[in-house]
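Fold and contact review
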Amino acid sequence: MIYAVFAPILFAIVIPFLSRMKHKIHTGWLILPVPLLVFIYFVSFVGSGFESQVSNYSWIPSLDISLSFHLDGLSLLFALLISGIGSLVVLYSIYYLDREERLGHFYTYLYIFMTAMLGVVLSDNVFALYAFWEFTSLSSFLLIGYWHFKERSRYGAIKSLLITVSGGFSLLAGLISLTIVTGTTSIREMVGQPDVILESSFFPLILIFLLLGAFTKSAQFPFHIWLPDAMEAPTPVSAYLHSATMVKAGIYLMARFSAIFGGEPSFFMLLSLFGIITLVCGSYMAVRQTDLKAILAYSTISQLGMIMAMLGFGTDIAIFAAVFHILNHATFKGSLFMIAGIVDHETGTRDIRKLGGLMTFMPMSATLALFGTFSMAGVPLPFLNGFYSKEMFFDASLQLSGYAGTFVEIVAIVLPYLAVIGSIFTFVYSMYLFFGTFRGKYKEEQLPVKPHEAPFMMLLSPIILVSGVIIIGLFPNLFNNGLLTHAADAVFGDEVTKEISFWHGFIPPLYMSLTVVILGAILVLTKTKWERVYNILPGNFSFNRIYDWGVNQLEASSNRITFTYMNGSLRLYMVLLLASVTAITGTALFISDGINFEVSDVAPVTVHEVLIAIVMALAAIATIFVTNRLAAILVVGVVGYGLAILFVLYSAPDLALTQLIVETVTVALFLLCFYHLPNLTKRTESIAHRGVNIIISIGFGALMLVMSISAYNSQFFDTISDYFTENSYKLGGGDNIVNVILVDFRGLDTLFEVSVLFGAGLAIYTLIRFRKNKGAK
Amino acid sequence: MEILMAILASILFATAIYNLLQKQFLRIIIGTVLLSHAAHLFLLTMGKLKRGNPPVLVEGVTNYTDPLPQALILTSIVISFGVTSFLLVLAYRTFTLNKSDNMDELRGSSDE
Amino acid sequence: MIEIIISLFLLIGTFFIFSGSLGILRFPDVYTRLHAATKASTLGVASVLLAAFLYLYVDHGIISGKLLIGIWFIMLTAPISGHMISRAAHNAGVKLHESSIRDELQEMNEQNEAERQSE
Amino acid sequence: MFEDFGGQLLEWTVIICLIVIAISVVILLIRIIIGPTNADRAVALDTMGINLMAFAGLTAIHLVTTKLNDVILLIGILLFIGTIAIAKFIEKGVIIDRNNH
Amino acid sequence: MAIQIIFNLLIACLWMFLTESYTFVTFLIGYIIGIALLFLLRRFIPDAFYFKRVLLLFKLILLFLKELIVSTWQIAKLVYKPKLNVQPGIFALPTDLRTNWEITLLANLISLTPGTLSVSISEDHTKIFIHAMDMPDIEKEIEGIKETFEKAIMEVTR
Amino acid sequence: MSNLAVLPIVIPLIASVISAFIPKKLGLSRVIAKLFALIFLVYAGYLAWVVFTDGIIVMQSSGWAAPFGISIVADYLSVTLVLITSIVTTAAVFYAPSSLSKLQESYYFYTFMFLMISGVVGAFLTGDLFNLFVFFEVLLMASYGLIVLGGGKVQLRESLKYVLFNVFSSMLFVTTIGFIYASVGTVNMAHLAERIQEAEQAGILTGLAVLLFFVFAIKAAIFPLYYWLPNSYIVPNPVVSALFGALLTKVGIYSILRMYTLVFNHDVGITHEIFIWLAMFTMLFGVIGALSTQNVKLIVTYNIIPAIGFILMGIGLYSTSGIEGSVYYLIHDMVIKAALFFLVGALVVAAGTDDLRKMGGLITRYPVLGWLFFVGSLVLAGVPPFSGFIGKLLLLRGSLEQEEILLTIAALITSLLILYSMVRIFVRGFWGDTVEELPEGQNKKVRNLTIPAALLLAISIFLGIGAEFIYPHVETIANMLLDRTEYINAVLRE
Ligand code: NA
Ligand code: NA
């Protein structure tokens, strides 16, 4: 199975080389066999005797990450869609994409996607799933941005990336939480212990994380906004990723975990509500679109909402309907996208306002579109698969009595009505799509290209898909035993048997369907009259605005925030730094009860030492007040010489010597460097600045004082010094202990101290000399 | 005595920081020099003061001051010296190139 | 007994040092202050160091050549330092205190300046 | 080490002297800070160095050690160099004459 | 003269080797022995006996020490005077000394003597500018001081 | 045997000194630099192998038993980091000739670089707190030399700030060592660890721990102490920025990792809680910084900060997952940061500007560079199966295990924004219409700059896909960090 999954990506590696021959032969032909073979491979599993299969390949066993593929009914359904529609899309693209295009790029992205998507639906290991999941987002990003010189493409690519990847990260958190709770990374094993998950404190978190992942990917309200902009991708991509497969990854995920969450009121609530809202909003918005692909995009959103809602319902019939609709949607929506692409290709526009009356020019396309749109609308005709799943959806929406709790009950009552409303709009846009494009007035002057029918090979893919629509419509139970029941079983976690039939008698779903058709027809006919509603109800465009505002703000406010504090002012940096260090360290010291003023074991105080200390303190303070260069430098010198004297007093002659030399040289360097610099000016900072400076300095000084005294008073251990005095001569061979330490015990320090000086010397040399060379130029 | 020296070192720290918060190079660098003085004084103080003779072995003397902090300070003094020297030259060069010794005028803008 | 002499040296030295410092504080201008610095302080420190030398020699039998060199060095350099500072001050234009009655150096400089101008 | 009267006397003398010199250093610090001219500061710093030599000498007596002799000598040398440097700075503003004019 | 000093030092060192005692005292003894030897052998040495000059130098030092003590005392008195009523000033002192060394020495000596401080030397090396603590008080003595110092220096150097 | 441990410090030092004598002989300098880098690389690999097979190697310098001498400890963590350092060094040596001007190269670039490497490696290997300070100074001094190399106005101005911050942090370090010495009486890390364990709950030690943390936090660029970093890292040449970005801040965070697992873990409730909060802010503010600018160098530079946040997060969690995550992330980030800085260097050469607003359509002419950049962005953002993912996975697991929801969410948002900040470069710089004033004739130079970056990127990808080879070692490291006895025994008992 691993070969089936990785075949496309392995092929993707050679695609750039194959694409060099594109002037001889369209790259698509060379690579078409790959998805086809994969499809055939998966078809071989279809059958009533299907049993789920697992194949394991280790990857990072120590982290419990493996490439373990689990082929059950659900994943088989998806695998077939991915490879089947993938093959058709490649075929279609051969005619859709000109050889002058960057075919290598296109097919590489597409095949990366194919592997990623197969990986998502087949992976049993959650982290492998996540890895594939992210790759679907990335390949989608690249495909949307395929025509990257178009501003809209870049916009759409980034938008989809941001939304789907954020969902991906959320999914990751959910999956990690699941592994923490269940102690396994295998989905099968997780599904085996739903109680552990449902009862853990992580449950709400897991649910929200996973839902976010699924909703963003499957364009559920309010994350649906990326999908219309994804239409900037070449149409084959829209047909493939953004209607048939990738957007269903979220559906797949929810279906996969239904076995765990199914029956949980919160799961029901969230999925049903968001699903149905998505359905209604999506279809409502689709009606107002003017771009063919935009209509289809919103249509996809609404259809995905419907499937999501059905998964939320969680009853056996609902799940079966969901699975069934996944298949059906792929067939009619895939074909419609391809038709839209053909129309675009042949007329040069997708603007429905410019189109019309194309039936005469493109009869074949029109026929295909007719089947596609009517199936999508759920028109009750026995050869349209869309109707069956739509009616099952109505049926399922009416059977939601299993849930307790006031609010949940209210939701259960409201859902059927919302389902009908959504379906009415679906009907409206479907009709609008078909009639607006193929019927009505032909507007020759508005079309860039004179329309004519597409070549047969380009029509082949939609023909195959529409055949699917009709075949399933005629024989709705054809795939039941071999495929759909297995899939539904996998979702429901129990046997689901369902006999699909056209006629059930006069039962509520039928009335609902009729309501949809009648009201829908009325709305279609009166569309011009009520269209103004859209001006009053702007609909979900506000979410787009929120997104745009958010992204703009992301940069603008980042810029504002960052440059508020990163304004290059050393003083501000220092103030912030010191304030944080003082506050946090002080607090930590305080709450850990570390302050210790119980003075113990200190040397006696003598007057002259106090005086020296006073001199040093005064000199230090004087550095602040003096306004004369030399005075400032000399006063610092006083502190330094004072320190040397303290070294003298406290038995550190070596230190005193070094300090003296260093201080003198430093003062000399100060004089040398600062003679040419301006004299000190009066400090001109505002009183507030000065106040802050004073508080910060005193605060930090106080912290140091408290820390030092506390540390000094908390001498827990003897120092290691005795060892040095005892062994300095014996082992170190010298009687100046400090020297022995420096050159022997801690010789390494000294070696690198010299290195620092070496570096400083070279750095100073570089500073001085580099300029000269520059000046000479 | 240690307490007194701790206070002194803290004062040095505080004045050092006050200087670091100023605009002119000279004051800022003076701040760094004071800072190193403060640090070395702290280190010396923390090793206990006046606990004996200079740590140079003399026959008959057994009580010596803790030599380790002294060794550490010595290393640190030399290192600080190197750094300060570099800093001084850097400040000088920065001034000559930017024609300003005022840190406030040397913030730089985001467009550079 | 020797301690008394040492003490005496120390006290005298310290007294002179202190006087020098006080003079630096009290005297009106840099030139007069230099008088205090170059004379009192120098002699003072010499006295103290001599005391230290004596102490180390008499009480502990250590002859510290470095101390003697120190004394010699400070005696040698103090007037040079004083000279350098006063010259620098005068060249830098530090005026004498107003109680001063004459400045021949200034007069000569001005005269030279005037000659240069006339040329 | 100061058992006898002489020792006592010397100890007290040393301490008094240390205190006096410390006061003297304070005085000099004042002059360094208030100036008013850089030459005044140079004088005061020079004298402060001399004070420090004395201080080190006294400490040498106090601690009975010869280890400080180096310090004393070094102060003297550095003081001289430093004073010359500062004087040059005051006079011409440069310490090292690059072009001997 | 330099050779004599080196000889003297060599003798001192030799003495240290001989006695196997490397202390300052031994060195001093060796040095004195060296002086004695040089004094005895002074007829065989072409140059004049250098120690004579040393003695003169010693005299100079003593002179100068005396002046120093006196001047310090004067300063100390001034310092503790409640009111400082002096009339300082700078005056020029003509000198007959010519070489750099001599003038420097003189200037330094002047600095250490009571009430005077050399400020500058004229470009033609003929005058030393001296700051006096109290001009009226000093002027009378200046000539005398100059006489003594100049003479002492010349004795040593010429 | 034990001298094995000190060689990684000595080899670069020798290289540094040798190249100091032949600054003007560029050809020879380069050969020597490459030679030493390769020797260093091979040796570091050998040392890592020896340590992971035979256990920790301790060299007591000059033969003085710890805690009296300075212990150089080649433990699992330090040898790993040394190995990564050697890889980055080698890449840098090959990158430098194309990136630097001849003049810059001849002003002791190699000397400073190897000196810095010596300091970095020393900091990784030393087992002595004060010696750590010394190595910090070595690497800082060398970094000062590198940062002023080329000496423009802006460069010197920002360098000055950089130096000042570091001086402050260094002096605070010395002071804190003083306090620690007063209280615990030793500066040997293992000895400190042992003694602090005995001292039990002593409040002052917590205070000291926090203070010391800030010393490292300044170097590691942790919120709110990273102000010095962004501008000072973009002014020098990209190869220098790469060395800084890959190594310098990492030394800071390494020190935190070391000190707060080995020594200061007596009061995790306070210290490590602080870490968690700071980690959160570090991530967010860092990435906000990355979004705030259109300067490509600055974007990559700001991205140093969230990475540090991630590593600190794991240290704060102080659990097996957390520490493993930190170690993994640390290793990953050293490689990828160097790679990204290299790539940005190439990008700036290719585009002739570092302003994103003036770039566009570069993918047409520089496809390889573009795709490397894209992959680099993914690696940085922690997209599986690349190296960032493994570290992030471990960190998130650690965070969720302790139900640090806020932290988890912050980490996730940060990851997203990191990706966005980097993809922006790809989208705005490589996609779109080609700008007209693209500099000509840079293809060869860009290619030369791209190759070392590509190699580093390959390593990065291997660190992710080949995690099975890496992770067990990370596990060993984390175990050692969490159970200190092996380290302490190796230093004090042998
Ligand atoms: Na740093
Ligand atoms: Na750094």
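Residues numbered from 1 in each chain as written. Chains lettered and ligands numbered in written order. Predicted model: local features only at pLDDT ≥ 70, side-chain atom pairs only at ≥ 80, totals over all residues. Heavy atoms only, no water.

What to know about helix 22 (residues 508-525) of chain A
Turn by turn, an α-helix covers 3.6 residues, leaving residues three or four places apart pointing in a common direction. All names here are of chain A. What counts here: Under the DSSP-based scheme used, a helix requires at least four consecutive residues in state H or I and a strand at least two consecutive residues in state E, with every element numbered from the N terminus. Expected helix span is computed as 1.5 Å times (number of residues minus one). Only protein chains enter the area calculation, which uses a 1.4 Å probe; residues under 20% of their type maximum are buried, those over 50% are exposed, and those in between are partly exposed. Directions are taken from the helix axis to each C-beta atom, and the arc is the one they span.
With 18 residues, helix 22 should reach 26 Å at 1.5 Å per residue; the first-to-last C-alpha distance of 26 Å fits that figure. Taken residue by residue, helix 22 has Pro509, Leu510, Met512, Ser513, Val516 and Gly520 as its buried positions. Take helix 22 and look down its axis: the buried residues cluster within an arc of 160°, on one side only. Facing away from the buried side of helix 22, by more than 90 degrees, are the exposed residues Ile518 and Leu525.

Quick look at the UniProt feature "transmembrane region" (unreviewed entry) in chain C
In plain terms, the rule: UniProt positions are given in the numbering used here, feature names are shortened, and annotations may be inferred rather than shown by experiment.
Residues annotated in UniProt with the feature "transmembrane region" (unreviewed entry) correspond here to residues 6-25, 37-57 and 63-85 of chain C. Along residues 37-57 of chain C, the helical share is 100% and the strand share 0%, with 29 Å between the first and last C-alpha atoms.

So, the packing of aromatic side chains
Let me state the cut-off plainly: Working definition: rings of Phe, Tyr and Trp (its six-membered ring) pair if their centres are within 6.5 Å, and the pair is stacked with planes under 30 degrees apart, edge-to-face with planes over 60 apart, and tilted otherwise. Here, over-ring charges are defined by two tests on the NZ atom of lysine or the CZ atom of arginine: distance to the ring centre within 6 Å, and angle to the ring normal within 35 degrees.
A complete count under the given rule lists 89 aromatic pairs over all chains for this structure. For the pair A:Tyr92 and A:Tyr96, a centre-to-centre distance of 5.8 Å together with 20° between the ring planes defines the contact as stacked. On the criterion of helical spacing, the pair formed by A:Tyr92 and A:Tyr96 is a turn pair, its members being 4 residues apart in helix 4 (residues 73-96). The exposure classification of A:Tyr92 matches that of A:Tyr96, with both residues buried. For the pair F:Phe136 and F:Phe216, a centre-to-centre distance of 6.0 Å together with 65° between the ring planes defines the contact as edge-to-face. Of this pair, F:Phe136 sits in helix 6 (residues 129-147) while F:Phe216 sits in helix 9 (residues 203-220); the two residues are 80 residues apart in sequence, bridging distant segments of the chain. For the pair F:Phe136 and F:Phe216, one class covers both residues: buried. Sitting over the ring of A:Tyr146, A:Arg102 keeps its end group 4.8 Å from the ring centre. Sitting over the ring of F:Tyr107, F:Lys24 keeps its end group 4.4 Å from the ring centre.

A few points about the side chain of A:Thr331
Residue and element names in this part refer to chain A. The criterion, for reference: Residue contacts are defined here by distance: any two heavy atoms, one from each residue, within 4.5 Å place the two residues in contact.
Inspection of the secondary structure puts Thr331 in helix 16 (residues 316-347). Looking at Thr331, the relative accessible area reads 8%, which means it is buried. Ignoring sequence-local partners within four residues, the contact set of Thr331 consists of Asn385, Leu465, Val469 and Ile472.

As for unusual backbone geometry
Backbone geometry follows two general trends: most residues other than glycine have a negative phi, and most peptide bonds adopt the trans configuration. Note that the residue after A:Phe221, namely A:Pro222, is joined by a cis bond; omega there is -5°. On the secondary structure map, A:Pro222 appears in the loop between helix 10 (203-217) and helix 11 (226-229). Of note, the phi angle at B:Lys99 is positive, near 60°, even though the residue is not glycine. Within the secondary structure, B:Lys99 is located in the segment after helix 3 (67-98).

Some words on the interface of chain F and chain A
We count it as follows: Note on definitions: buried area is the accessible-area loss of two parts on being combined, 1.4 Å probe, summed for both. Each salt bridge in this description consists of a side-chain nitrogen of Lys or Arg and a carboxyl oxygen of Asp or Glu lying within 4 Å of one another. We call two N or O atoms a polar contact when they sit within 3.5 Å, provided that within protein one can donate a hydrogen and the other can accept it, with sequence-adjacent residues counted only if both atoms are side-chain atoms. Three categories are distinguished: nonpolar for Ala, Val, Leu, Ile, Met, Phe, Trp, Tyr, Cys and Pro, charged for Asp, Glu, Lys and Arg, and polar for the others, with Gly belonging to the last.
Counting residues at the interface gives 125 residues for chain F and 107 residues for chain A. The junction of chain F with chain A conceals about 9,800 Å² of combined surface from both sides, 79% of it contributed by carbon and sulfur atoms. For chain F, the biggest contributors to the area lost against chain A are F:Trp64, F:Phe68 and F:Tyr227; these three give 8% of the whole. Here chain F is connected to chain A by 3 salt bridges. Taking the shortest distance from any N to any O, the salt bridge between A:Arg746 and F:Asp128 comes out at 2.7 Å. In this assembly, chain F and chain A are joined by 17 residue pairs in polar contact (both at pLDDT 80 or more). Looking at side-chain class alone, the side of chain F that touches chain A contains 83 nonpolar, 28 polar and 14 charged residues.

Some points on the arrangement of the chains
By contact count, the dominant pairing among the 7 pairs of chains in contact is that of chains A and F. At no point do chain A and chain E touch; the closest pair of C-alpha atoms across them sits 20 Å apart. Contact between chain D and chain E is absent, and the minimum C-alpha spacing across the pair is 13 Å.

Some thoughts on the pattern of salt bridges
For the structure shown, the criterion picks out 25 salt bridges over all chains. Taking the shortest distance from any N to any O, the salt bridge between F:Glu440 and F:Arg365 comes out at 3.3 Å. A residue pair is termed long-range when its members are at least 10 positions apart, and F:Glu440 in the loop between helix 19 (405-430) and helix 20 (443-465) and F:Arg365 in helix 16 (residues 362-365) qualify at 75 residues. Using a relative accessible area of 59% as the deciding quantity, one classes F:Glu440 as exposed. Through salt bridges with shared partners, a single ionic network connects A:Arg152, A:Lys159 and A:Asp229.

Here's the deal with the environment of C:Leu68
Mapped onto the secondary structure, C:Leu68 falls in helix 3 (residues 65-91). Sequence-wise, C:Leu68 and C:Phe53 are 15 residues apart; in three dimensions their C-alpha atoms are separated by 7.4 Å. With residues up to four places along the chain from it excluded, the contact list for C:Leu68 reads C:Phe53 and E:Phe24.

Things to note about the confidence of the model for chain C
Convention followed: The pLDDT score gives, residue by residue, the confidence of the prediction method on a 0 to 100 scale.
Per-residue pLDDT for chain C averages 85, and the proportion of residues at 70 or more is 100%. Element-level pLDDT for chain C is lowest in strand 1 (residues 102-103) of chain C, with a mean of 76, against a maximum mean of 91 in helix 1 (residues 2-26) of chain C.

What to know about the nonpolar core
Using the following cut-off: Buried residues of nine kinds, namely Ala, Val, Leu, Ile, Met, Phe, Trp, Tyr and Cys, make up a nonpolar core once their side-chain atoms join them within 4.5 Å.
In this structure, A:Phe42, A:Leu110, A:Phe141, F:Phe168, F:Ile256 and F:Tyr260 are the most contacted members of the largest nonpolar core, which totals 702 residues. Broken down by element, this core gets its largest block of residues, 22 residues, from helix 15 (residues 320-351) of chain F. Discounting chain neighbours no more than four positions away, the residues touching F:Tyr260 are F:Ala209, F:Leu212, F:Phe213, F:Phe216, F:Asn265, F:His272, F:Phe275, F:Ile315 and F:Tyr318.

So, the packing of helix 3 (residues 76-99) of chain F against helix 11 (residues 238-263) of chain F
All names here are of chain F. Definition in use: Note on method: axes are straight lines fitted to C-alpha atoms, helices fitted across the in-contact stretch only, with angles between N-to-C directions ranging 0 to 180 degrees. An angle below 35 degrees is read as roughly parallel, one above 145 as roughly antiparallel, one from 65 to 115 as roughly perpendicular, and any other as oblique.
Where helix 3 meets helix 11, the axes come as close as 9 Å, and the angle between the chain directions of the two elements is 170°. In terms of their interaxial angle, helix 3 and helix 11 are classed as roughly antiparallel. From helix 3, Leu77, Ser78, Leu81, Thr85, Val88, Ala92, Tyr95, Ala96 and Ser99 reach across to helix 11, where they touch Pro238, Val239, Leu243, Ala246, Leu247, Tyr254, Leu257 and Arg258. The residue inventory of the contact of helix 3 with helix 11, partitioned by class, reads 13 nonpolar, 3 polar and 1 charged.

Notes on a nonpolar patch on the surface
Spelled out, the test is: Each patch is built from residues lacking any salt bridge and having more than 30% relative accessible area; the joining distance is 9 Å for like charges and 5 Å for nonpolar side chains (Val, Leu, Ile, Met, Phe, Trp, Tyr). Computed with a 1.4 Å probe, the accessible areas rest on the Shrake-Rupley method; for each residue, only the protein chains presented here act as cover.
Together, A:Trp503, A:Phe506, A:Tyr511, A:Leu514, A:Ile518, A:Leu519 and A:Ile522 make up a nonpolar patch on the protein surface, roughly 740 Å² of accessible area in all. Along the chain, A:Trp503 falls in the loop between helix 21 (480-492) and helix 22.

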